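What follows is the residue order along each chain.
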Amino acid sequence: MTYQVLARTWRPQRFDDLLGQEAVVQTLTNALRAGTFGHAYLFSGLRGVGKTTAARLLAKAVNCSEGPTAEPCGECASCREITDGSSLDVIEMDAATHTGVDDVRELQELLRYHPTRDRFRVIIVDEVHMLSKSAFNALLKTIEEPPPYILWIFATTDRLKVPATILSRCQQLEFRPVGTELIRGRLSEIAAAEGFTLAPSAAAAIAGAAEGSVRDALSLLDQLRAFAADDIDDQAIAAVLGVPPMEATAGLVDALASGRIAEGLSMLRNQLVGGQDASVLYREIGRVLRTTLYLAVDPNLESSLADSHRTVLQPIADAHGADPLSRMLGVWLEQERLLREAGNRELALEVASLRLARWPMVRTLEGWLGGSGDLAPTPGAASGSAEMPPTAGGGPPGTGPGSAQGGGGPARATRSSERDLVGAAENAVDDMAAEAAATDIKGASQEEEVRSDPGVALATRVLGGDVVAVRPDGGD
Ligand SMILES: [Zn+2]
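This is a predicted model, so every value here is computed, not measured.

Trainee: Help me understand the overall build of the protein in this model?
Mentor: Along the protein, the regular secondary structure elements total 24 helices and 7 strands. Once local pairs closer than 6 in sequence are excluded, the contacts in the protein between residues at least 24 apart make up 75%.

Trainee: Explain helix α15 (residues 307-320) to me, please; I cannot follow it from the model alone.
Mentor: Within an α-helix, residues lying three or four positions from one another point in the same direction, as the helix has 3.6 residues per turn. The end-to-end C-alpha distance of α15, which contains 14 residues, comes to 20 Å, matching closely the 20 Å that a straight helix rising 1.5 Å per residue would cover. At L313, α15 shows its maximal bend, which comes to roughly 30°, and the proline P315 appears one to four places after that position. Within α15, burial applies to H309, L313, I316, A317 and H320. One or two positions beyond α15, positive phi appears at G321, with a value near 85°.

Trainee: Just to check I follow, could you spell out the packing of helix α9 (residues 200-209) against helix α11 (residues 234-241) for this structure?
Mentor: Each pair of packed helices can be described by the angle between their axes along with the distance between the axes. Viewed as axis vectors pointing N to C, α9 and α11 meet at an angle of 25°, and their least axial separation amounts to 9 Å. Between α9 and α11, the interaxial angle falls into the category roughly parallel. Along this stretch, α9 crosses α11, giving a crossing that reads as right-handed. Of α11, the residues touching α9 (which contributes S201, A202, A205 and A209) are D234, A236, I237 and L241. For the contact of α9 with α11, the class distribution of residues is 6 nonpolar, 1 polar and 1 charged.

Trainee: Teacher, can you tell me more about the pairing of strand β4 (residues 150-156) here?
Mentor: On a regular strand, each side chain points to the face opposite its neighbour's, so the side chains alternate between the two faces of the sheet. The buried fraction of β4 amounts to 6 of the 7 residues, a majority that puts the element mostly inside the structure. Looking at chain direction, strand β1 (residues 40-44) and β4 are connected through 5 bridges and run parallel. Residue L42 lies in a different strand from β4, and its bridge partner there is F154. Examined bridge by bridge, strand β3 (residues 121-126) and β4 share 5 bridges and lie parallel to one another. From the neighbouring strand, I124 faces β4, where its bridge partner is I153.

Trainee: Would you mind going over the sheet that holds β3 with me for this structure?
Mentor: Strands belonging to one sheet form pairs held by backbone hydrogen bonds; the direction of such a pair is parallel or antiparallel. Across the sheet, 5 strands lie side by side as β2-β3-β4-β1-β5; this open sheet has parallel pairing. Pairing within the sheet leaves two strands with one partner each, and these edge strands are β2 (90-94) and β5 (171-174). If you compare each strand with its neighbour and ignore which way they point, the axes differ by 15° on average. In this structure, β1 lies alongside β5, joined through 4 bridges in parallel fashion. In the sheet register, Y41 faces β5, and the bridge partner there is Q171.

Trainee: Sorry, what's going on with the nonpolar core here?
Mentor: Generally speaking, soluble globular proteins have nonpolar side chains that are buried together. Counting residues in each nonpolar core, the largest one holds 70 residues, and the members touching the most others are F43, I153, F154, I206 and A217. Here this core spans two domains, since at least three of its residues come from each of domain 1 (6-175) and domain 2 (180-241). A257, I261, I316 and A348 belong to the second largest nonpolar core, which has 39 residues in total.

Trainee: Which parts of the structure should I look at to understand helix α3 (residues 51-63)?
Mentor: Taking 1.5 Å as the rise per residue, α3 with 13 residues should run 18 Å; its terminal C-alpha atoms sit 18 Å apart, in good agreement. Taken across its 13 residues, α3 has 13 buried, putting it largely inside the fold.

Trainee: How should the packing of helix α13 (residues 261-273) against helix α18 (residues 345-357) be read in this particular structure?
Mentor: Closest axis-to-axis distance for the α13/α18 pair is 10 Å, and the angle between their directions is 155°. Compared by their axis directions, α13 and α18 come out roughly antiparallel. Crossing hand, α13 versus α18: right-handed. In this structure, α13 contributes I261, G264, L265, L268 and L272 to the contact, and α18 contributes E346, L349, E350, S353, L354 and A357. Among the residues making up the contact of α13 with α18, the classes are represented as 7 nonpolar, 2 polar and 2 charged.

Trainee: Please clarify how the environment of P68 should be interpreted in this entry.
Mentor: Summarising the element assignment, P68 is placed in the loop between α3 and α4 (77-84). Once the C-alpha coordinates of P68 and F37 are considered, the two residues, 31 residues apart in sequence, prove to be 9.8 Å apart. Apart from the residues lying within four places of it in its own chain, the contact partners of P68 are L32, G35, A61 and V62.

Trainee: Help me understand the confidence of the model for the protein, please; the structure alone is not making it clear to me.
Mentor: Caution applies to low-pLDDT parts of the model: their predicted coordinates are not meant to be read in detail. Taken residue by residue, the protein gives an average pLDDT of 80. The fraction at 70 or more is 77%. When the criterion is pLDDT under 50, residues 372-414 qualifies, and its contacts beyond four places in sequence or with other chains add up to 69 contacts. Between residues 436-476, whose pLDDT stays under 50, and residues either more than four places distant or in other chains, the model counts 65 contacts.

Analysis parameters
- Note that residues are indexed from 1 along each chain, following the sequence as it is written.
- Two thresholds apply to this predicted model, a pLDDT of at least 70 for residue-level local features and 80 or more for giving and counting side-chain atom pairs, whereas whole-chain, interface and lining totals are computed over all residues.
- Secondary structure elements follow DSSP: runs of H or I of four or more residues count as helices, runs of E of two or more count as strands, with numbering from the N terminus.
- The contact criterion used is a C-beta to C-beta distance within 7 Å, with each C-beta placed from the backbone.
- A helix is expected to span 1.5 Å for every residue after the first.
- What we call the bend at a residue is the angle made by axes fitted to the seven residues finishing there and the seven residues starting there.
- Counts of 20 or more other C-beta atoms within 10 Å of a residue's own C-beta define buried residues, counts of 12 or fewer define exposed ones, and intermediate counts define partly exposed ones; C-beta atoms are placed from the backbone.
- Where helices are involved, their axes are fitted lines through C-alpha atoms of the stretch in contact, as for all axes, and angles between N-to-C directions lie from 0 to 180°.
- Roughly parallel refers to an angle under 35 degrees, roughly antiparallel to one over 145, roughly perpendicular to one between 65 and 115, and oblique to any angle outside these ranges.
- The hand of a helix crossing depends on one turn: near helix anticlockwise from the far one by less than a right angle means left-handed, and clockwise means right-handed.
- Only Asp, Glu, Lys and Arg are considered charged, only Ala, Val, Leu, Ile, Met, Phe, Trp, Tyr, Cys and Pro nonpolar, and every remaining residue, Gly among them, polar.
- In this description, strands pair whenever DSSP reports at least two bridges between them.
- The term nonpolar core refers to a group of buried residues, namely Ala, Val, Leu, Ile, Met, Phe, Trp, Tyr and Cys, whose C-beta atoms join them within 7 Å.
- The domain boundaries here were taken from an automatic or database domain assignment.
- Confidence scores here are pLDDT values: one per residue, from the predictor, ranging 0 to 100.

As structure tokens, this is what we get:
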């Protein structure tokens, strides 16, 4: 028996099975029930969200021997032939490969004749925006005054490229990207029905990678079955999707968020040396930051998170808190342009990571400067300060030399000097980020090196008095 791809086996046969397109389904089924459906539709939306499937369902609905009906029987000759793609009255044309005016003329020739058996000749034109200008003009005549037995269904992933003259003659239905949660649910359903094991975390990873496209999700699942047979877990996901295991990314994020810069960079370097793509890593770090932020705001927000991932991420969320995590996520998103424009994306990713890692220090400074309550140092940042020389590895958070100094300094600091101090720290870290990224920093994973990492050194320097030089209140 030959293997049939899941997207075909699991193609929805009823409007109700169309995933995540309630508005479209309601519009179509209402029109079918009332008998007021149009003679030309334009379905637009992302690839793999159900446009062609909906077009075939609509063809069945109007031609079913029990129709026109919102619930085509699926059993009659007409329904079965449409499912097989053998119906003489339902013509599918891919405009991506048939772009010319001759192709449209050929279609027009067909339109002269009444349907061979069914009520309607249904013409489904996929990727209609790819037609040439002359083809569009030829088409226009046909849809302006169509014979009553013709139903046009155009589908496109790029509605803006469809001429306004065509758009205005169609009923336009916008297909939405399908929610990750819906896709995840469908994948689990399919796994259960097909009798293979799909780890919940793996289903979530596929759904996330599919970015709203059900078809993409199903073809990824096909690939994974080919790779891992009947047991699809996180390892299979890492191998096939080319994403690092979530635990590795979470460890990296935790190191950076705690200001353990050298450790973080070393983990990052290991991933890159291991062949991980910088853009994928960037995206995955963003994903982990986002999930962790949600968990910090409210653990119930991520109800679909696999338990194995929650076990790893919840402690990180609890350690850092929502406010710092949201600021770090903001910083991280700002680095996208850097990565996109950089000639060397690995270097750009390292710089981006260094910028992320500066936040615990800035926050610690803010805390020492007596900022507002919600800016108080996090446990993570505080433990970072406890590692600081000269009494590295000393007492519990709050008893290190940093906080002792903090007790003296901030009382005298004016508002403008606070801003300058934090600004100077940020700038200095930026400079160091560039510097450090330009240097080969691989292998810096030992604890000694963590203690002497540039971030901790800077914090010490700043707090040790160097920054006093930039304080404007010196002459007050
Ligand atoms: Zn039927």
